[in-house]
Structures are given as structure tokens and as C-alpha cells.
Amino acid sequence: MRYWLITVFIILLSGCDMVTTHRIEYPYVPPKVSKDNQLYSVILRLADRLLDQMPKIRANQTLAISSIVNLDQLDKTDGFGRQLSESMYSAFDSRGVHLVEPRLTGRLTMVPTSGEFALSRDAADLIKKMNITYMLVGSYQPSRSGLHVNVRVIRLSDRAVVSAAYEFFPADIAPLVPAVREVNGGLVRDDIRQQ
């Protein structure tokens, strides 16, 4: 009986040494274009529309870009509006436009354990006089299927609109406002939801 148990035990242990290879052939699936790349493509198209309409910016002229704001609250923006503004800097720069950074304080502030900072939104920290010829401004309006974005380039000397463009950002590439948001300490449910 002992020999029989030892034999079964050896057979079981010998099965542990066997390596089983399992190979399945999966078809090649090409990588999908990321939603971030799609978003930037729409931003480039928007910048091209603006540049096609506006007069040639001379070497001594500059463009500054403001935050793109919510059409219903012109003093408010969100992550989409800020990212759109930041991406417009890259889009215009890649097309040779001379840009000005209005948030530059003119000094480098070092905060231990936090980093080094040169940008601010505090008006007192910003340089008093900036030589800005044109300003890009704009707004976005959420809808059930995406975001409607309108942008304009304004000549500051006379407030004339020298270029305007519209672009629709579908919900699958642009984040919509949350369905529930906080307003004055309470929660408000919007009809707008990402599908």
C-alpha cells in the first residue's frame, strides 16, 4: 500500500514539471487614434480658421490668449476652457504667430517642496504694461452632444473683431460639464449628461 501511495505521489509530482504552452493567434489590431489627438486636431482646425481670416501679424505685433469661458457665466471657465486656451498657444505658435504670455510675473517664485513658479492670475503680480496688439477671446456652450465653441481675435487699439470662428467639439472627444454640480452650497442637477 505504501508503494502504491508513493507511486501515485511521484506521478502527481512529475506532472508539475511539465510545462504546457498555450498559443493563440490574435489578429493584428492597429492602434486607435487617441481622443486627445482628435481633440487637438479640432483645436488646430479652429486656429487655422482664425488665421485664414485675420490680417498678417507683423513682427512688432503680438497676440495674447485669454481663457475660453462658459457662455452662461463669462467670468467662469473649467478644465476644458483652460485646456483649449493653452492648446491655442501651441497651435498659434506652430504657425509662426508672435505670442505674449499675460500671466508672466517677470520673476521666478520658489516655494520649498512645491516648485518654481513664474505664472500667476493675481493682477498685482503681473507686469503693469504689456505690449499686446491682438487678444483671442472665446466662449463655449455645452449641449447634449458636445460643446459649441466660438472664438474671436480682437484688435485692442479699437476693439475691432478681425477674425471669428466656430467649431463643434463632439462629446466623445471633449468633456461635458458634470450632470451634478455645486451651486451656492447645494447640488444642482443639469440636463446635460455625457452619453
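Predicted model only: the values in this text are computed from it and were never measured.

Caption draft 1: Representation of the overall build of the protein chain. The number of helices and strands found in the protein chain is three helices and nine strands. Along its sequence from the N terminus, the protein chain presents helices and strands in the succession α-α-β-β-α-β-β-β-β-β-β-β. Accessible surface, the protein chain as shown: approximately 13800 Å² in total, 57% of it carbon and sulfur.

Caption draft 2: How the structure looks around the pattern of salt bridges. In the structure shown here, the tally under the stated rule is four salt bridges. Close ionic contact of R45 with E167 constitutes a salt bridge, the shortest N to O distance being 3.1 Å. One end of the pair, R45, is in helix α2 (residues 35-53); the other, E167, is in strand β7 (residues 160-170), with 122 residues separating them in the sequence. Under the relative-accessibility criterion, E167 is labelled buried at 7%. Across the pair R49 and E167 runs a salt bridge whose closest N-O atoms are separated by 2.8 Å.

Caption draft 3: Region of the structure containing the packing of aromatic side chains. Taken as a whole and judged by the stated rule, the model has two aromatic pairs. On the numbers, 5.7 Å between centres and 85° between planes, the contact of F80 with Y140 is edge-to-face. With F80 in helix α3 (residues 79-93) and Y140 in strand β5 (residues 134-142), this pair connects stretches of sequence that are 60 residues apart. Like Y140, F80 is buried. Aromatic side chains F80 and F169 sit 5.4 Å apart centroid to centroid with 75° between the ring planes, which places their arrangement in the edge-to-face category.

Caption draft 4: Here's a closer look at α3. The terminal C-alpha atoms of α3, which comprises 15 residues, lie 21 Å apart, in line with the 21 Å expected from a rise of 1.5 Å per residue. Taken together, the buried positions of α3 are F80, G81, L84, S85, S87, M88, Y89, A91 and F92. Among the residues of α3, the N-terminal cap falls to D78, whose side-chain oxygen and the backbone nitrogen of F80 are separated by 3.0 Å.

Caption draft 5: Inspection of the nonpolar core at higher detail. If you look at the biggest cluster of nonpolar residues, it comprises 29 residues, and the most contacted ones within it are M88, F92, L136 and F169. If you list the elements that add at least two residues to this core, you get α2, β1 (63-65), α3, β5, β6 (146-155) and β7. If we skip the residues at most four places from it in the chain, F92 touches A47, L50, L51, L63, I65, V97, L99 and L136.

Caption draft 6: Layout of unusual backbone geometry. With phi around 60°, R159 is a residue other than glycine that occupies positive phi space. Checked against the element boundaries, R159 lands in the loop between β6 and β7. Judged by relative accessible area, R159 falls into the exposed class, the value being 72%.

Caption draft 7: Up close: the pairing of β5. For β5, a buried count of seven out of nine residues is recorded, marking the element as mostly surrounded by other parts of the structure. As defined by bridge partners, β1 adjoins β5 across three bridges and the pair is classed as parallel. Residue pairing for β5: L63 is matched across the bridge by Y134. Relative to β5, strand β2 (residues 69-70) is paired through two bridges, and the arrangement is parallel. Note on β5: the bridge partner recorded for N70 is Y140. The pairing of β5 with β6 spans nine bridges and is classified as antiparallel. Among the inter-strand pairings, G138 is bridged to a residue of β6, identified as V151. In this structure, the hairpin formed by β5 and β6 is closed by a connection of three residues.

About the cut-offs
Residues numbered from 1 in each chain as written. Predicted model: local features only at pLDDT ≥ 70, side-chain atom pairs only at ≥ 80, totals over all residues. Heavy atoms only, no water. Helix = DSSP H or I, 4+ residues; strand = E, 2+ residues; numbered from the N terminus. Areas by Shrake-Rupley, 256 points an atom, 1.4 Å probe, with all protein chains shown as cover. Salt bridge = Lys/Arg side-chain N within 4 Å of Asp/Glu carboxyl O. Buried < 20%, exposed > 50% of the residue type's maximum accessible area, 1.4 Å probe, protein only. Phe/Tyr/Trp six-rings, centres within 6.5 Å; stacked < 30°, edge-to-face > 60°. Expected span 1.5 Å × (residues − 1). Polar contact = N/O pair within 3.5 Å; in protein donor to acceptor, adjacent residues only side chain to side chain. Core = buried A, V, L, I, M, F, W, Y, C linked by side-chain atoms within 4.5 Å. Contact = heavy atoms within 4.5 Å. Pairing = 2+ DSSP bridges.

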